[in-house]
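Each chain is listed here by its residues.
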Amino acid sequence: MTMVERIKKRSAKAGLPPGTLVHIGAKKVGESRIRILDYDESSVRESKKASLSECMPFRDTASVTWIDIEGLQNIQLLEGLGSCYGLHPLILEDILNTDQRPKSDDMESYIYVVLKMLDFDPRSLEIVSEQVSLVFGRNYVISLQEGREGDLFEPLRERIRGNKGRIRKLGPDYLAYALLDTIIDHYFVILEKFAERIEALEEELVSDPRSETLHQIHRLKREMIFLRKSAWPLREVVSVLEKSESDLIRPATKIFLRDIYDHAIHIIDSIETYREMLSSMLDIYLSSVSNRMNQVMKVLTIIATIFMPLTFLAGIYGMNFKYMPEIGWRWGYPLLLLIMFGVAGVMVYFFKKKNWL
Amino acid sequence: MTMVERIKKRSAKAGLPPGTLVHIGAKKVGESRIRILDYDESSVRESKKASLSECMPFRDTASVTWIDIEGLQNIQLLEGLGSCYGLHPLILEDILNTDQRPKSDDMESYIYVVLKMLDFDPRSLEIVSEQVSLVFGRNYVISLQEGREGDLFEPLRERIRGNKGRIRKLGPDYLAYALLDTIIDHYFVILEKFAERIEALEEELVSDPRSETLHQIHRLKREMIFLRKSAWPLREVVSVLEKSESDLIRPATKIFLRDIYDHAIHIIDSIETYREMLSSMLDIYLSSVSNRMNQVMKVLTIIATIFMPLTFLAGIYGMNFKYMPEIGWRWGYPLLLLIMFGVAGVMVYFFKKKNWL
Amino acid sequence: MTMVERIKKRSAKAGLPPGTLVHIGAKKVGESRIRILDYDESSVRESKKASLSECMPFRDTASVTWIDIEGLQNIQLLEGLGSCYGLHPLILEDILNTDQRPKSDDMESYIYVVLKMLDFDPRSLEIVSEQVSLVFGRNYVISLQEGREGDLFEPLRERIRGNKGRIRKLGPDYLAYALLDTIIDHYFVILEKFAERIEALEEELVSDPRSETLHQIHRLKREMIFLRKSAWPLREVVSVLEKSESDLIRPATKIFLRDIYDHAIHIIDSIETYREMLSSMLDIYLSSVSNRMNQVMKVLTIIATIFMPLTFLAGIYGMNFKYMPEIGWRWGYPLLLLIMFGVAGVMVYFFKKKNWL
Amino acid sequence: MTMVERIKKRSAKAGLPPGTLVHIGAKKVGESRIRILDYDESSVRESKKASLSECMPFRDTASVTWIDIEGLQNIQLLEGLGSCYGLHPLILEDILNTDQRPKSDDMESYIYVVLKMLDFDPRSLEIVSEQVSLVFGRNYVISLQEGREGDLFEPLRERIRGNKGRIRKLGPDYLAYALLDTIIDHYFVILEKFAERIEALEEELVSDPRSETLHQIHRLKREMIFLRKSAWPLREVVSVLEKSESDLIRPATKIFLRDIYDHAIHIIDSIETYREMLSSMLDIYLSSVSNRMNQVMKVLTIIATIFMPLTFLAGIYGMNFKYMPEIGWRWGYPLLLLIMFGVAGVMVYFFKKKNWL
Amino acid sequence: MTMVERIKKRSAKAGLPPGTLVHIGAKKVGESRIRILDYDESSVRESKKASLSECMPFRDTASVTWIDIEGLQNIQLLEGLGSCYGLHPLILEDILNTDQRPKSDDMESYIYVVLKMLDFDPRSLEIVSEQVSLVFGRNYVISLQEGREGDLFEPLRERIRGNKGRIRKLGPDYLAYALLDTIIDHYFVILEKFAERIEALEEELVSDPRSETLHQIHRLKREMIFLRKSAWPLREVVSVLEKSESDLIRPATKIFLRDIYDHAIHIIDSIETYREMLSSMLDIYLSSVSNRMNQVMKVLTIIATIFMPLTFLAGIYGMNFKYMPEIGWRWGYPLLLLIMFGVAGVMVYFFKKKNWL
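Described below are features of the structure shown in this document.

Definitions and limits used
In every chain, residue numbers begin from 1 and rise along the written sequence. Naming scheme: in the order in which they are written, chains are lettered from A and ligands are numbered from 1. Under the rules for a predicted model, residues below a pLDDT of 70 receive no local features and side-chain atom pairs below 80 are neither given nor counted, while totals for whole chains, interfaces and linings still include all residues. Hydrogens and water are ignored here; the side-chain numbers use all heavy atoms of the structure. In this text, buried Ala, Val, Leu, Ile, Met, Phe, Trp, Tyr and Cys residues form a nonpolar core when linked through side-chain atoms within 4.5 Å. Accessible area is worked out with a 1.4 Å probe on protein chains only. A residue is then buried under 20% of its type maximum, exposed over 50%, and partly exposed in between. By salt bridge we mean one thing: a side-chain nitrogen of Lys or Arg within 4 Å of a carboxyl oxygen of Asp or Glu. For helices the rule is a DSSP run of H or I covering at least 4 residues; for strands it is a run of E covering at least 2, with both sets numbered from the N terminus onward. Throughout, a contact is declared for two residues whenever any of their heavy atoms are within 4.5 Å. Residues reaching a pLDDT of at least 70 in both copies supply the C-alpha atoms on which the copies are superposed by least squares. A strand pair is defined by DSSP finding two or more bridges across the two strands. Only the contacting stretch of a helix is used when fitting its axis, a line to C-alpha atoms as for every element, and angles between N-to-C directions run 0 to 180 degrees.

1. Structural notes on the nonpolar core
So, point 1. With 340 residues, the main nonpolar core has Leu175(A), Leu175(B), Leu175(C), Leu175(D) and Leu175(E) as its most contacted residues.
So, point 2. One finds Met319(A), Leu310(C), Met319(D) and Trp356(E) within the second-largest nonpolar core, a separate group that totals 140 residues.

Laid out in structure tokens, this is it:
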């Protein structure tokens, strides 16, 4: 979805009463799909294509329930979920509004986090972005994805099913952390692609700068602006969670949050570094163009400066005046050729001295 | 109204005692129009062309009174309103001074908010801006518009009349919020127009950059500077309200204010993003111009470098010296033509190697 | 006084002991002039050319005394005033040092404010600046002007004499506020002139950019740097007063100070906006110059590319070889002319295709 | 390791559960080498190629134990160490992740610091960077180096062995400080190399700016961006330690930490200064290129402007019209030569006046 | 000492244990010279070439002792002084390290301040800088100068000897203030030189921009970067002293410190202003170069465009075809001259219309 499409959808909502549920994203998957994964230390129950009514019973169990919804076009589903878990209408509105700036809100009985899940589409060589909302409370995590096919969470599900690591021993805050960690860690994959493209461009810049190079730099700059817009707020999102006084986040989890806080800072740092490198590359490109123009001009000037006086001399003796004594001289022609060589020699010497040759 | 007109009006006030009521805006509508909408959960009363005296009785009722004034040229009206609702002279001055920077002031018994309502004029393709002041107290909201015909509040009025949503159940702080939300949400419509124009320009930039493109970029930059000046202070305006300790703003309303705070941040973010894109486009434009100049120079240099030596050679054999042995040679002419082809060939080879062809 | 003159005066003081009274400004008016205006709610006394001894008796009266001094060359006068009102030597030094950065100091028994009064000289079309110091205590305000002829305070005096507005009812803090308001409001007049000049330049930039335009932009930029240096500290000056805990400033006056704080912010905002516009204009100017150079180059290249081959062809048949069969052909000349037309036509077609014509 | 390699390794970890120990750095030395240096005021014990089991007994002694590990590829070693000293899994992960942003974490029973040790490779003339992690507790310091051959700590070891200075009298916090001091002090060596290269480039820029100069500036800029990324966080790293309320850092050590805090600020300051100088140099380079192009153009223009009219005149009298009276004049030829001199003279005068010669 | 020399010395210290006393500055004066000035309100004792042992007795007197040391090469002297006055080894190290960033440290029993004393060398027209350290305690001030011949303190000594002003009545904190004031006030002298050079350059820029102008701007920019590096930290240095809670600084002195705080701000402000002016000048220079190139190109194009077609025409009638009817026409030659005039006229008209002439 291009920038204009996104904001067009967004502006379509202007004037509607607050809390109106309108899905502004592209309808990506045919239908909203619900997956439920309910687990505690000893057992796991999974339902891959659940319905809303299946979610209800888990509300009051002690086990951790992870409800993962892919595709937001089913507004009834969201309303049902909202009333079941007591979500504020504005939160539901934010979930549907897929042009949301990353942020986290502490709503007392639950915490709401929204951010962008970025992936690199190997076919179009473009970054694809999908909005993910997380809502977690005392015994549940609800993750809502905009609905691009596939997600990054499969390894995590595997860890839960296989009881690998500490995840089954810890609460929904740790699961929410693990989801955030998965998403934010994937930014490094995107950054790697950028780093590769920047290095390639840089070599091209030194060896053979072309007009296409310029457009490549411009394209990278644009994507970087977009990436930055997604990544900058991450720092605050995680920081708010880490410093939260809500008892939904256990102290042990905060050490992990501090870790992804460091990752967020690292990502932002790298983006800024790349931005600077791109700026510097644009400067170099401009200088190279000027330099090459200089070369072109020198060639032209050398040629003109050598041949214009010679052509003039030849023109002189091409005149038809009756009384031109040199014309009749026996050695006139060889002498003139000598003089012409002399003039050309002086010019070449002059250019050598000026360091143009 | 252009920038100069606006500031001219503003500077006309310099030297007058503080609290002097002078309307500096353009007189937009013939007369100030007052609309009163008084409502509580069970009933609504509306008066579309009310007079000042009609406002008075509502001052002490328990219902919420929304007094909407369009057009500020009637200074008596404002003074009457001011004394009826106990507004400070400086607030009245600020309302009339339509070159006001967006801000919000907590005056204890009422809260004053001033900001710009932006709209996109479909005829002139320009942003039109109108200053809106909001004053709200325990049981009333006064909204004062500079007076451009039409406003954005009609859907809101409709919601009140039809008792849609929660608006009739809540107090004047919620109404003030709803007004702010309407205005700020409309900024997204403006942003959409910008996004469209930037995308169009960007395509033009890649396919066919012209001198007109440059002026378009400049024009967009200027409008962006203006838009930014209107939008930046919004963040603070809403933040002040949200963090206010005044009991005029109920806690439930603060959650809504936090929502428009997020919108304000989003708008500012987008503006900054567009600004960067425009800067980047200007760089690209400049580089393209340099690039094309380079192309032009190369053509000139190639032509000159090929034909100058040839013309010189032709000039040599156009000379009239008596003793020029080559002139008399049987194969002199074809030989010279061959040499000329040779010289031209060497030049073309040289340009091929230099990658100019 | 140019920048160098000002700082020369300033550096002349280096090495002198602190508190040494040296007047570094230009001696602008022949002599220091003292005006006294003493008023309370019921009466006004005015003395237009007072001496120092006339100031003394007012020190202990309950009425508000405004001592206005124009011209700082009389150091004895300042020392007398200083000892009469108990001013710290460093404050006296600051008053005399007319290259002072705007600031406000709370000295407990009085408050000291220094700032620049700007005016626009209609003859030289330049901004003229004059340093104004204000000292106000429990029952007096002393204003000290550097001494340019005339000031902006006449309307204020008129208001006091005529008992207009609330000024006679309020204390010296309100008078000090009124003086600040007068000075700061006049910045808008200066900004208006800037806005006019920027708009004029902008039109020129689009219609007919010349080398003079560049120098105009540069000149405006320089003046803007100067204006900004005067205006930026205003924000802090007023903010310090507004947040002061001194009991010399009554709470009622603080509402007024908040008003001029808003003005100061507005002025700074406008200056930043103009700065950005000037930067953007410089970019456009540079691009325009490049664009026009491109035009010039195209003309040159077109001409050279058409006529160089033709001239070469003409040169060929101007050669004097004995054996040139074409020379003797009956239709040789018209044929060559045809070929020449052909070559020129091909060139023109090529330029059309390249979009250069 | 280039930027891309580093981030590739980093992104390879995306999706793995937190706390997974993966060494992402290049395997630099064949095997991890452990050195133990255990000392108190009276005695030193050293073991240059220790095994993990040798570390254990020192855990509970009162003496200070410095365990220095070079090479991180032995994950079992790290896990052993981690469980012996009770290190958090995330800390172990950070140690292995050699693309870490410099930071310091207070983990209550120990403090973790990670930063870059920079060195200048005399062969490749490049900066080489190695990540160093420090963990220190009540009676131990563990330093973990990425594993480039050699380190900067030998003089420090010498000081411990020889009981020079105060190091043997103080605790592990002082040893950690000494390690940090050694690493950060070495940044000045790097800065010196930069300063030398910048000065050399600057001279080249003034005397003989070439296209190579441009690439040198670009290369320095890139290295500076990298250096800055390593150095900026140092300020915070040290500041966190200095302001720490942990009782692992004694007050006497804090004075020393304040000292390296000053060094960090100094390094950052210098880097910013160099960055500005490089920017300024790029501007100068661009201006020089423009200037030289101007020179080239002037030469071309002078030559063309002098010889084109002359060649035209010669062309006139090279025409073969039957009726050209000048052709037959006795003094036609010398007269024309005179006229030609005159034209050339006028042109030269014109260029002199335009200051082009 | 150039930048590289300075940092070379600095980097030579890397790896040495903290507190190692190494003098890294240039050895400027032959020997360290000690001056003692001991005074109270009633008496002064002065010793111009004192030895270390002479300093000792003053340690416990009630009078204020000012020990001024010029030249830091005598490390024994410093160590003696350090142990006599109880200075921390790191402070001694900082005193010797003459590449120190300006700072102030409160060491409880004394306060340490280090900053740069700038002077303008009238011979080399360059800024010379010398590091000055101040240490002051309950009854003494030690000032340590790097050792350039001469200093700025003579007028201050004169004030003490002659008992001028309040200096003899006040304590060592006032003396330290007076020293700081002397040094910081001298920055205005440096700024004046800059202002003069900038104004001169600006005139040159408008009247006759040359390549030399560019290098001048570059040189000023470099010096400005250096000056800024010395001046920026001053703000903090003085601010720390002013806000210090140490009882070594009496409240009365703080008013004076606030005064030099204002000076520091003023200096920084001026430097920023000059920096902006230099940036703006560089832009103007670049634009001027482009403009002049444009002029040059126009001249070339006009000449080429007029004479190329004419030369071509002349070339046509210089051809030797047998059958060229025009050649034989009676009025062929004058007619062609007329046509040539016509062509030239059309070209001139075209350039007039294009505003190139």
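2. Structural notes on the pattern of salt bridges
So, point 1. Applying the stated criterion across every chain, the model contains 124 salt bridges over all chains.
So, point 2. Notably, a salt bridge pairs Glu202(A) with Arg222(D), separated by 2.5 Å at the nearest N-O pair. Placement of Glu202(A) in helix H6 (residues 172-207) and of Arg222(D) in helix H7 (residues 211-243) is noted, with the two residues assigned to different chains.
So, point 3. The class of Arg222(D) is partly exposed, set by a relative accessible area of 31%.
So, point 4. With a closest N to O distance of 3.9 Å, Asp283(A) and Lys221(D) form a salt bridge.

3. Details of the side chain of Asp262(E)
So, point 1. The residue Asp262(E) is located in helix H8 (residues 251-316) in this model.
So, point 2. Using a relative accessible area of 16% as the deciding quantity, one classes Asp262(E) as buried.

4. Considerations on helix H4 (residues 89-96) of chain D
So, point 1. Most of H4(D) sits inside the fold, with 7 of its 8 residues counted as buried.
So, point 2. Looking at H4(D), one finds that the buried residues are Leu90(D), Ile91(D), Leu92(D), Glu93(D), Asp94(D), Ile95(D) and Leu96(D).
So, point 3. Close packing links the buried residues of H4(D) with helix H8 (251-316) of chain A together with helix H3 (75-85), strand E4 (103-106), strand E5 (111-121), strand E6 (126-136) and strand E7 (140-145) of chain D.

5. A few points about the environment of Tyr285(A)
So, point 1. With respect to the helices and strands, the residue Tyr285(A) is situated in helix H8.
So, point 2. Taking C-alpha positions, Tyr285(A) is 48 Å from Gly318(A), a pair spaced 33 residues apart along the chain.
So, point 3. Tyr285(A) has contacts with Leu205(A), Pro209(A), Arg210(A), Ser211(A), Thr213(A), Leu214(A), Ser287(B) and Asn291(B), leaving out every residue within four places of it along the chain.

6. Some points on the relation of the copies chain A and chain D
Each copy of the chain is related to the other by a rotation around an axis and a translation along that axis.
So, point 1. It takes a turn of 72 degrees to lay chain A on chain D, together with a shift of 0.1 Å along the axis; the resulting RMSD is 0.1 Å. Here the symmetry operator amounts to a five-fold rotation axis. For chain A, the minimum C-alpha distance to the rotation axis belongs to Gly318(A) and amounts to 4.8 Å.
So, point 2. Here only 17% of the contact residues of chain A are again contact residues in chain D; the copies associate through non-equivalent surfaces.

7. Topic: the pairing of strand E4 (residues 103-106) of chain E
All names here are of chain E.
So, point 1. Of the strand pairs in this sheet, E4 and strand E5 (residues 111-121) are connected by 4 bridges, and their pairing is antiparallel. Residue pairing in the sheet places Asp105 in a bridge with Tyr112 of E5.
So, point 2. Counting the residues between successive antiparallel strands, the hairpin from E4 to E5 contains 4 residues, one of them, Glu108, with a positive phi of roughly 70 degrees.

8. Brief notes about the sheet that holds strand E4 (residues 103-106) of chain A
Residues and elements named next belong to chain A.
So, point 1. As summarised here, the arrangement of the 7 strands in space is E2-E1-E3-E7-E6-E5-E4, forming an open sheet in which the pairing is mixed. For this open sheet the edge positions go to strand E2 (44-50) and E4, each flanked by a neighbour on one side alone. The mean inter-strand angle of the sheet, taken between neighbouring strand axes irrespective of direction, is 15 degrees.
So, point 2. Bridge count between strand E5 (residues 111-121) and strand E6 (residues 126-136): 11 bridges; the pairing is antiparallel. Residue Leu118 lies in a different strand from E6, and its bridge partner there is Ser129.
So, point 3. On top of the sheet, helix H3 (residues 75-85) reaches strand E1 (33-39), strand E3 (64-70) and strand E7 (140-145); it is set at about 160 degrees to E7, its chief contact.

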